[in-house]
Amino acid sequence: MDFPQRLIDGYSAFADGRLQKEQDRYRELAEEGQQPQIMVIGCCDSRVSPEVIFDARPGELFVVRNVANIIPPYSPDGQAHGVSAALEFGVGALRIKHIVVLGHAHCGGVKAYAQETAPLSPGDFIGKWMQLMAPAVRKLGPMGGAESRENYLARLEQANISNSLDNLMTFPLLAKLIDKGKVTTHGAYFGVASGDLSVLDRATGDFAPIKRK
Ligand SMILES: [Zn+2]
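Residues numbered from 1 in each chain as written. Predicted model: local features only at pLDDT ≥ 70, side-chain atom pairs only at ≥ 80, totals over all residues. Heavy atoms only, no water.

K.L.:
Please clarify how the overall build of the protein chain should be interpreted in this entry.
P.N.:
Counting its secondary structure elements, the protein chain contains 9 helices and 6 strands. For 213 residues, the compact-globule formula gives about 17 Å, and the C-alpha radius of gyration of the protein chain, at 19 Å, lands near that figure. Overall, the protein chain is about 55 × 45 × 45 Å in size when its C-alpha atoms are taken along their principal axes. Buried residues in the protein chain amount to 36% of all 213 residues. Sequence-distant contacts in the protein chain: of pairs separated by 6 or more residues, those separated by 24 or more amount to 64%. Accessible area of the protein chain: about 12900 Å², with a carbon and sulfur share of 54%. Averaging the locations of the 23 positively and 24 negatively charged side chains of the protein chain gives two centres separated by 4 Å. (Helix = DSSP H or I, 4+ residues; strand = E, 2+ residues; numbered from the N terminus. Rg over C-alpha atoms; globule rule 2.2 N^0.38 Å. Buried < 20%, exposed > 50% of the residue type's maximum accessible area, 1.4 Å probe, protein only. Contact = heavy atoms within 4.5 Å. Areas by Shrake-Rupley, 256 points an atom, 1.4 Å probe, with all protein chains shown as cover. Lys, Arg positive; Asp, Glu negative; His and termini not counted. Charge placed at Lys NZ, Arg CZ, Asp CG, Glu CD.)

K.L.:
Could you clarify how one ought to interpret the pairing of strand β3 (residues 98-104) in this entry?
P.N.:
Side chains on a regular strand alternate between the two faces of the sheet. Extensive coverage of β3 is indicated by the burial of 6 of its 7 residues. Taken together, the 7 bridges between β3 and strand β4 (residues 184-190) define a ladder with parallel strand orientation. When the sheet's bridge partners are listed, glycine 103 is paired in β4 with tyrosine 189. (Pairing = 2+ DSSP bridges.)

K.L.:
Which parts of the structure should I look at to understand the sheet that holds β4?
P.N.:
Strand-to-strand pairing in sheets goes through backbone hydrogen bonds, with the strands running parallel or antiparallel. Here 6 strands make up an open sheet; going across it, the order is β2-β1-β3-β4-β5-β6 and the pairing mixed. The sheet is open, and its two edges are formed by β2 (61-66) and β6 (207-209), each paired on a single side. Averaged over neighbouring strand pairs, the angle between their axes works out to 25 degrees when direction is ignored. Summarising the sheet, strand β1 (residues 38-43) and β3 pair through 4 bridges and their orientation is parallel. If you follow valine 40 over to β3, its bridge partner there is valine 100. Sheet contacts for helix α4 (residues 82-92): β1, β2 and β3; angle to β2, the most-contacted strand, approximately 170 degrees. (Axes fitted to C-alpha atoms, helices over the stretch in contact; angles between N-to-C directions.)

Shown next as structure tokens:
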């Protein structure tokens, strides 16, 4: 069997540990279906798992992850759109109450876009995908001047979160639910090294850290 040993070991630990505590909950969720209240749009980055960061139990978070936690704008063009499908299901079927865009420090996708890294393949899927954050770059302006590269990238990662939140409002159903207060949207930023979590204050546009006990 070439199934990764790391996953076999991890599953064994889960089955002996957490599953023992959660078995009833899993059965209940199987019978009654999932009813998560919160949807998270996060990055594929292996260091930024929403279930880990938010200490989530099964059935609590409805999660979509893609390169650089991007929500593309509403595009009813007859093509397949994964994030839009998840939003449609989350809001339309599961009646999600909160949508959180979770960005993070040291995001490889944001960095590749800002530094115009050469494509990894002729398809340049990342390049095309990352162009969705062009409005965020336009808002910040180019990298340079006295600002350090690290600081610029952090600001760009945060502007990218705001850009995803702006794109949410291009979905007619969502815009209606948000206006009525039935769905609330949030931006959050995870500092990979520090473990700090900051939340977007929509009034000021700044990210303020959540105080830890
Ligand atoms: Zn990332």
